[in-house]
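Geometric and topological summary
Here are the chains, one letter per residue:
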Amino acid sequence: MKKIFSLMAIMFAAFAFVSCKGGKTDSAEKFVRVADGHFVRNGKPYYYVGTNFWYGAILGSEGRGGDRDRLLSELDFMKGIGIDNLRILVGSDGKEGVLTKVEPTLQRSPGEYNDTILAGLDYLLMEMGKRDMVAVLYLNNSWEWSGGYGFYLEHAGEGVAPRPNEDGYPAYMNFVRKYATSEKAHQLFYDYVKFIVSRTNRYTGVKYADDPTIMSWQIGNEPRAFGKEELAPFAKWLSETSSLIRSLDANHLISIGSEGAWGCEGDYTTYETICSDKNIDYCNIHIWPYNWSWARADSLVEDLPAACDSTLEYINRHLEICDRLGKPLVMEEFGYPRDGFKFDKAVSTKGRDGYYKYVFSLVADNAEQGGKFAGCNFWAWGGFANPQHEQWLPGDDYTGDPAQEAQGLNSVFSSDTTTLDIVKVQVERMKKLEEKK
């Protein structure tokens, strides 16, 4: 009975969106909304299979790193297999020429912007709009590969951030834990937020705040406190950021970009606190079985059952929180390495395919029962890229794996037919779910 009432509520919400406009779908309805704990778009429930396409704005540039022909081919390919939701990095921060750092960068120093990347983002959004695709745009990053925390701390006078590839991740994480309490770093970030969210697209003439191609502004990629003592100020910073974004843009959803409890020092209470904020519209989690030691590099296929068991437990604990909050959940990052932990595109993907099947089934099963699971974005889209080196170097194709990761580690390429067949099946299942509701 509870499931029936939940489904009826979703249908009523979708009907209300249409009927209040006299039966027509106008531009306001093209924005993704949340109604009764579920996404609504174009007057009907919205469920999706998406991917991470962090380098989209770089491809859209006509400057260094840009390749608009490839960008259009990638968008057409993704749209052709039913992927309509892309999670994208707005831009990298800091100086270039740093190993493991994404370049070209957008923000070279605070307030100094690379216009070719801004043009690339404008062009990307225009082309996505033509294809009825939507973007989740993340504005910050706690990790070194795009600048983020370390960039803002350096310019706030905290010294030079250690590089994990040189100094190790413990040294890096101990440094960036300062971000949670650095008001100077926060202010530099807020200036950036104001600049981006208030932007107008040069190609369409549409303000970003008025563009339904954007589904959500996301505070960051895997924002973390990096220390239990920093959890409270970390939550305060997230709340201040979401409030700022809401003051600039009343149309779009706002999300955090969190890994879940894993990104909150294992504290589920903090995760619930940050997601309960009035300006946060839906919840996110990420899951990384290899990174989190749920699967071993030399036993990826053999460890798949254990990885799936841990995944189920982790998801269920976060779904319980979403049920209490009445907000949708998106699993917007998950990945699994190629078999044998090898990075060649010709290597099989038996372990990854099994993991994708399992994750997709959890999403769809929950959604079919009226639950809060609304979508997922696998990590990450490699498409037509041909990696030249295991370590990315300037001039190499961009893959789904950023510069600090082995190229091909978690990328899904257009030649990965077995994986893409699984994606297509999930796309059809989610589409049927929309039609039923």
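Residues numbered from 1 in each chain as written. Predicted model: local features only at pLDDT ≥ 70, side-chain atom pairs only at ≥ 80, totals over all residues. Heavy atoms only, no water.

1. Let's talk about the environment of Leu-319
Defined as follows: Think of it this way: any DSSP run of H or I at least four residues long counts as a helix, any run of E at least two long counts as a strand, and we number them from the N terminus. Working definition: with a 1.4 Å probe on protein chains only, accessible area under 20% of the residue-type maximum means buried, over 50% means exposed, and in between means partly exposed.
Tracing the sequence through the fold places Leu-319 in helix 11 (residues 304-325). With relative accessibility at 8%, the residue Leu-319 sits in the buried group. A sequence separation of 52 residues divides Leu-319 from Gly-371, and the C-alpha atoms of the two residues are 8.2 Å apart.

2. Focus: the side chain of Gln-218
As a reminder of what qualifies: Counted as a polar contact is a pair of N or O atoms within 3.5 Å, where, for protein atoms, one must be capable of donating a hydrogen and the other of accepting one, and residues adjacent in sequence contribute only when both atoms are in side chains. Should any heavy atoms of two residues lie within 4.5 Å, those residues are counted as being in contact.
With respect to the helices and strands, the residue Gln-218 is situated in strand 9 (residues 214-218). Gln-218 sits in the buried class, given a relative accessible area of 0%. Of the polar contacts made by the side chain of Gln-218, one reaches the side chain of Glu-332; its length is 3.0 Å. What Gln-218 contacts, discounting residues up to four positions off in sequence, is Arg-87, Val-136, Leu-137, Tyr-138, Leu-139, Ser-255, Ile-256, Gly-257, Tyr-282, Asn-284 and Glu-332.

3. What to know about the packing of helix 11 against helix 12 (residues 350-368)
Heads up, the rule is: In this analysis an axis means a line fitted to C-alpha atoms, helices contributing only their contacting stretch, and an angle means the value between N-to-C directions, from 0 to 180 degrees. Comment on the angle field: the value is read as roughly parallel under 35 degrees, roughly antiparallel over 145, roughly perpendicular from 65 to 115, and oblique elsewhere. Note on convention: near helix rotated counterclockwise from far helix by under a right angle means a left-handed crossing. Clockwise means right-handed. Charged residues are taken to be Asp, Glu, Lys and Arg, nonpolar residues to be Ala, Val, Leu, Ile, Met, Phe, Trp, Tyr, Cys and Pro, and polar residues to be all remaining types, Gly included.
The N-to-C vectors of helix 11 and helix 12 enclose an angle of 25°; their axes lie 11 Å apart at closest approach. The angle between helix 11 and helix 12 falls in the class roughly parallel. With respect to the hand of their crossing, helix 11 and helix 12 are arranged in right-handed fashion. Here Leu-304, Ala-307, Cys-308, Thr-311, Leu-312, Ile-315 and Leu-319 of helix 11 lie close against helix 12, whose contacting residues are Gly-351, Gly-354, Tyr-355, Tyr-358, Val-359, Leu-362 and Asn-366. Across the contact of helix 11 with helix 12, the residue classes tally to 10 nonpolar, four polar and no charged.

4. Section: the sheet that holds strand 9
Through backbone hydrogen bonds, the strands of a sheet pair up, either in parallel or in antiparallel fashion. Keep this limit in mind: Only when DSSP finds a minimum of two bridges between them are two strands counted as paired.
On the basis of which strands lie adjacent, the open sheet formed by eight strands has the order 10-9-8-5-4-13-12-11 and parallel pairing. Two strands lie at the open edges of the sheet, namely strand 10 (253-255) and strand 11 (283-287), each paired on one side alone. Adjacent strand axes in the sheet meet at a mean angle of 25° when their direction is disregarded. Looking at chain direction, strand 4 (residues 48-52) and strand 13 (residues 373-378) are connected through four bridges and run parallel. Looking at the pairing, Gly-50 lines up with Asn-377 of strand 13. Where helix 4 (residues 115-130) meets the sheet, it contacts strand 5 (85-89), strand 8 (134-138) and strand 9, and its direction lies at approximately 155° from that of strand 8.

5. A short note on the environment of Gly-147
With respect to the element layout, Gly-147 can be found in the loop between strand 8 and helix 5 (148-155). Ignoring any residue separated from it by four or fewer positions in sequence, one finds Gly-147 in contact with Ser-92, Asp-93, Lys-101 and Asn-141.

6. Topic: the side chain of Asp-249
For the record, the criterion: Positive residues here are Lys and Arg, negative ones are Asp and Glu, while His and the chain termini are left out of the count. Salt bridges are identified by distance alone: a Lys or Arg side-chain nitrogen within 4 Å of an Asp or Glu carboxyl oxygen.
Mapped onto the elements, Asp-249 comes out in the loop between helix 9 (231-248) and strand 10. Comment: no salt bridge for buried Asp-249; closest opposite-charge side chain is Arg-246, at 5.9 Å. In terms of polar contacts, Asp-249 uses its side chain to reach the backbone amide nitrogen of Asn-251, at 2.8 Å. Setting aside its immediate chain neighbours within four residues, Asp-249 contacts Val-197, Ala-209 and Trp-217.

7. Focus on the packing of helix 5 against helix 8 (residues 183-197)
For any two helices packed against each other, the geometry comes down to the angle between their axes and how far apart the axes lie. Taken N-terminus to C-terminus, the directions of helix 5 and helix 8 make an angle of 115°; their axes are 8 Å apart at the nearest point. Pair helix 5 / helix 8 crosses with right-handed handedness. Contact with helix 5, carried on its side by Tyr-152, Leu-153 and His-155, involves Ala-185, Leu-188, Phe-189 and Tyr-192 of helix 8 and no other residues of that element. Here the residues of the contact of helix 5 with helix 8 are counted per class, giving six nonpolar, one polar and no charged.

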